[in-house]
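Structural features, examined
So the chains spell out like this:
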Amino acid sequence: MSQPAVLNVQALSVVRNQSHLIDSLSFSLRAGEVLALLGANGAGKSTLLGALANEFEATSGVIEVNGQPLGVYVAESLAEVRALNAVEPPLAFSLSVFDFVSLGRPFLEPDCEGVLRALDECHAAQWMNRDAASLSSGELLRVQIARSLYQLGDAPNSLWLLDEPLAHLDLAQRDFVLRLLRQVATARRWAIVFSTHEPQDAIAIADQVLLLRRGTAMAFGDPRSVLTNEQLSECYETQVERML
Amino acid sequence: MILVASLALLVVSVCSLAIGTYPIGLADILSGNLSETERSVLLSLRAPRLLAALAAGACFGVAGAAMQSLFRNALAEPGLLGVPTAAALGAALSLVFISSSVSFSLWPGALIGAGVAMFALLALVQRQHHGATAQLLLMGVALNAACAAGLALVTSLATEAQLRTLAFWMLGSFSNQSWGAVIAMCTASLLAIVMLFRDARSLGALALGERTAKTLGVSLRGLRARVAIACAFAVAIVTAFCGSIAFVGLAGPHIARLLVGAQPSRVLPLAAVIGALLCVIADVLARGLASPAELPVGAITSFIGVPILVALVVNSARLKAERA
């Protein structure tokens, strides 16, 4: 399929205090594709996701979403095509799960049907009236995912970024979230980027893997060819032996 | 809920016009059947007083709600940015060093003090960048401390009479307001309310954390600046004329939140109404409890606000224990 890329990154560099957090990184992602980011702690996964989310300006290079450089977007219109799930601070005041999800589009009147549909997709509709602060971390993650689904709606060619969405999840929850990501990418034609520490997650659902080492791309490509014992051993600087 | 609260406010307001050292029949007020004395008491004493209480309460209530959302902290309140303390310092300075006449030195001094504090904050807000809400909070605390220290120095130089005047002003009162002051307060409060209502949705997104709010399209720098300006401006004007009205800015938003949940688009309007309600009730009590003497309104709002705050803290601690 040759369709234009949802996400296009060219020679991206992020330099802070003279250290290269991201060093001339280039890759692209098409609609319906899932990209898994792997790399040791401090390799630059979160920095890359932050740059892709336009949380800060990259030092050099180009990031394009649907053919337009990130800097061209107004914050509000970027929020319609790009969502980010990252660690959030605890809520200061209690908020119902319904209100929590409806904040995905903070400037619009809550669309009850849309919120319910998003919650339903995450099998979380039964918590609708619960206090979001009382959810367990696994439950909260599903509600946060529902919020991103509501934020982006059904628009194709959206970019969804997730920073270690699978940390702290038990096996069943993990499986559920992985399948949901895969299904959303295929059904809605979204490009999804998620970071993880578990190569198995990438093999399960990713179309592409980006192996990061000290801010540079050690390898980029399909999971089975990138995630070899040799590459992983080099990336994590430890002997990795696993069965593929 | 907002309708019920507004109705209660209306009833309490009309009653407050009737209650006082010189009682006026409720039926007479509603029908407009008033004697010359009654009319003059209403127009020159009670009405300005009522409007001052309404404006002050609404302003403190809505400012408190907005600041609690902005700082994501249940303890935030309008005094946090140091504006009321700066107003007190200004008032003390002009009272001690410029003129001992209350009407000439108190409110202009307070206004100038509050204005200087506001512009200092504004300069800071414009210079700050990423993750600066904590900085804004710390600067407010520092400003508060500096002004309190200055106030201590100035009061040590004041005469007995000056001290007494200053103490009474600082405790807060809605009495003896000129129509000019009332109009200024109402305008400032309305402006702040309109400004803060417009940002209610952005403040709502902030509940999810600054980072998430930003990715949802909220411009944090602009939001911080607008909320700080609106709150400081209205609080400065109200404090200059009425002194510091304690706890309304803390209790009002919390009561509102208990009633309608934490979404700022619902909390802000209700916090304004409840703040106004608290102030009008406190004012009625201030002139009714020890009539014909008058009690300081700031002390009464504290008396109402403190039990509410304590109940709230105990209650939320219990909820947390249940959750764990």
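Residues numbered from 1 in each chain as written. Chains lettered and ligands numbered in written order. Predicted model: local features only at pLDDT ≥ 70, side-chain atom pairs only at ≥ 80, totals over all residues. Heavy atoms only, no water.

**Notes on the overall build of chain B**
Operational definition: For helices the rule is a DSSP run of H or I covering at least 4 residues; for strands it is a run of E covering at least 2, with both sets numbered from the N terminus onward. All radius of gyration figures rest on C-alpha atoms, and the globule criterion is 2.2 Å times the number of residues raised to 0.38. The classification of residues rests on relative accessible area computed with a 1.4 Å probe and restricted to protein chains. Under 20% of the type maximum is buried, over 50% is exposed, and intermediate values are partly exposed. Residue contacts are defined here by distance: any two heavy atoms, one from each residue, within 4.5 Å place the two residues in contact. Each accessible area is a Shrake-Rupley estimate made with a 1.4 Å probe; only the visible protein chains count as cover when residues are assessed.
The helix and strand tally for chain B stands at 14 helices and zero strands. Taken from N to C terminus, the helices and strands of chain B fall in the order α-α-α-α-α-α-α-α-α-α-α-α-α-α. Taken against the 2.2 N^0.38 rule, which gives 20 Å for 324 residues, the C-alpha radius of gyration of chain B at 20 Å falls within 12% of a compact globule. In terms of principal-axis extent, the alpha carbons of chain B reach across some 60 × 50 × 35 Å. Residue burial in chain B is summarised as follows: out of 324 residues, 52% are buried. Long-range pairs, those at least 24 residues apart, make up 74% of the contacts in chain B between residues at least 6 apart in sequence. Of the roughly 14100 Å² of accessible surface on chain B, 72% is carried by carbon and sulfur atoms.

**Here we look at the domain arrangement of chain A**
Residue and element names in this part refer to chain A. Heads up, the rule is: Domain delimitation follows an automatic or database domain assignment. Accessible surface is computed with a 1.4 Å probe, and the buried area is the amount of it that two parts give up when combined, taken over both parts together. By convention in these notes, a salt bridge is any Lys or Arg side-chain nitrogen within 4 Å of a carboxyl oxygen on Asp or Glu. Polar contact is the term for a pair of N or O atoms within 3.5 Å; when the atoms are in protein, one must be able to donate a hydrogen and the other to accept it, and sequence-neighboring residues count only if both atoms are side-chain atoms. By the convention adopted, Pro, Cys, Tyr, Trp, Phe, Met, Ile, Leu, Val and Ala count as nonpolar, Lys, Arg, Asp and Glu as charged, and the other residues, Gly among them, as polar.
When cut into domains, chain A gives domain 1 (1-81 + 158-172 + 187-244) and domain 2 (88-154). The C-alpha centroid of domain 2 is placed 25 Å from the C-alpha centroid of domain 1. Counting from both sides, the interface comprises twelve residues of domain 1 and, opposite them, twelve residues of domain 2. Buried area between domain 1 and domain 2, both sides added, is near 1000 Å², and the carbon and sulfur share of it is 62%. Of all residues in domain 1, the largest losses of buried area upon contact with domain 2 belong to Trp-160, Arg-188 and Trp-190, amounting jointly to 49% of the total for that side. Between Glu-121 and Arg-188 there is a salt bridge; the shortest N-O distance is 2.3 Å. Counting across the domain 1 and domain 2 interface gives three residue pairs in polar contact (both at pLDDT 80 or more). The residue inventory of the side of domain 1 that touches domain 2, partitioned by class, reads seven nonpolar, two polar and three charged.

**Some words on the environment of Leu52(A)**
Residues and elements named next belong to chain A. When you line up the elements, Leu-52 lands in helix α1 (residues 45-52). The sequence separation of Leu-52 and Glu-121 amounts to 69 residues, and the corresponding C-alpha distance is 26 Å. Residues within four places of Leu-52 in sequence aside, it is in contact with Leu-7, Val-9, Phe-27, Ile-63, Leu-70 and Leu-161.

**A closer look at the pattern of salt bridges**
All names here are of chain A. Counted under the stated rule, the structure contains 18 salt bridges over all chains. Arg-174 is the salt-bridge partner of Asp-201, the closest N and O atoms lying 2.9 Å from each other. With a gap of 27 residues between them, Asp-201 in helix α7 (residues 199-205) and Arg-174 in helix α6 (residues 171-188) connect regions that are remote in the sequence. An identical accessibility class is assigned to Asp-201 and Arg-174; each is buried. A salt bridge links Arg-213 to Glu-234, with the shortest nitrogen-to-oxygen separation between them at 3.9 Å. Linking Arg-213 in strand β9 (residues 208-213) with Glu-234 in helix α9 (residues 229-236), this pair joins segments that are 21 residues apart in sequence.

**What to know about the interface of chain A and chain B**
Between chain A and chain B, the contact holds 29 residues from the first and 24 residues from the second. Buried area between chain A and chain B, both sides added, is near 2300 Å², and the carbon and sulfur share of it is 55%. Summed over the three residues of chain A that lose the most area to chain B, namely Glu55(A), Phe93(A) and Leu103(A), the buried surface amounts to 27% of that side. Two residues, Arg266(B) and Asp99(A), come together in a salt bridge whose shortest N-O distance is 2.9 Å. At the surface where chain A touches chain B, the tally comes to eight residue pairs in polar contact (both at pLDDT 80 or more). Of all the secondary-structure elements, those providing two or more residues to the side of chain A that touches chain B are α2 (75-78), β6 (82-85), α3 (97-102) and α5 (137-152) of chain A. The greatest single-element share of the side of chain A that touches chain B, amounting to three residues, is contributed by α3(A).

**Concerning the packing of aromatic side chains**
Here is the rule: Aromatic pairs are defined between Phe, Tyr and Trp rings, using the six-membered ring for Trp, whenever the two ring centres lie within 6.5 Å; interplanar angles under 30 degrees are classed as stacked, those over 60 as edge-to-face, and all others as tilted. Any Lys NZ or Arg CZ that is within 6 Å of a ring centre and within 35 degrees of that ring's normal is treated as a charge sitting over the ring.
Throughout the structure, instances matching the rule amount to three aromatic pairs over all chains. Relative to Trp190(A), the ring of Trp160(A) lies with its centre 5.8 Å away and its plane at 85°, an arrangement referred to as edge-to-face. Taken together, the positions of Trp160(A) in strand β7 (residues 159-162) and Trp190(A) in the loop between α6 and β8 (191-195) put the pair 30 residues apart, joining distant regions of the chain. By the burial criterion, Trp160(A) is buried, and Trp190(A) matches it. On the basis of an interplanar angle of 40° and a centroid distance of 5.0 Å, the ring pair of Trp107(B) and Phe241(B) is categorised as tilted. Of this pair, Trp107(B) sits in helix α5 (residues 102-127) while Phe241(B) sits in helix α11 (residues 220-242), and the two are 134 residues apart along the sequence. Take Phe241(B): its relative accessible area is 15%, and that puts it in the buried class. Note that Arg105(A) overlies the ring of Tyr150(A), its terminal NZ or CZ placed 4.4 Å from the centroid. Arg257(B) extends its terminal NZ or CZ atom over the ring of Phe93(A), reaching a point 3.8 Å from the ring centre.

**Here's the deal with empty space enclosed by the protein**
In this approach a probe as big as a water molecule rolls over the atoms, and the regions it shows empty are the leftover space. Let me state the cut-off plainly: Think of a 1 Å grid over just the protein atoms. A cavity is a set of points where a 1.4 Å probe fits yet cannot get out, a pocket is an open set with protein on both sides within 12 Å along at least five of seven lines, and lining residues have an atom within 4 Å of a point. Grid points are joined across faces, edges and corners, and a volume is the space filled by probe spheres set on the points.
All told, the structure shown has four cavities of 30 Å³ or more when counted by the stated rule. Of the pockets and cavities examined, the largest cavity occupies roughly 80 Å³. Lining the largest cavity we find 13 residues, and of these Phe93(A), Ser69(B), Leu203(B), Ala207(B) and Ala262(B) sit closest to its centre. Of all the secondary-structure elements, those providing two or more residues to the lining of the largest cavity are α3 (36-71) and α9 (200-206) of chain B.

**A few points about a nonpolar patch on the surface**
All names here are of chain B. Let me state the cut-off plainly: A patch consists of residues exposed above 30% relative accessible area that lack any salt bridge, with like charges linked at up to 9 Å and nonpolar side chains (Val, Leu, Ile, Met, Phe, Trp, Tyr) linked at up to 5 Å.
The grouping of Met-1, Val-4, Leu-258 and Leu-259 at the surface amounts to a nonpolar patch, some 410 Å² of accessible area in total. Here Val-4 is to be found in helix α1 (residues 2-18). On the accessibility criterion, Val-4 (57% relative accessible area) is exposed.

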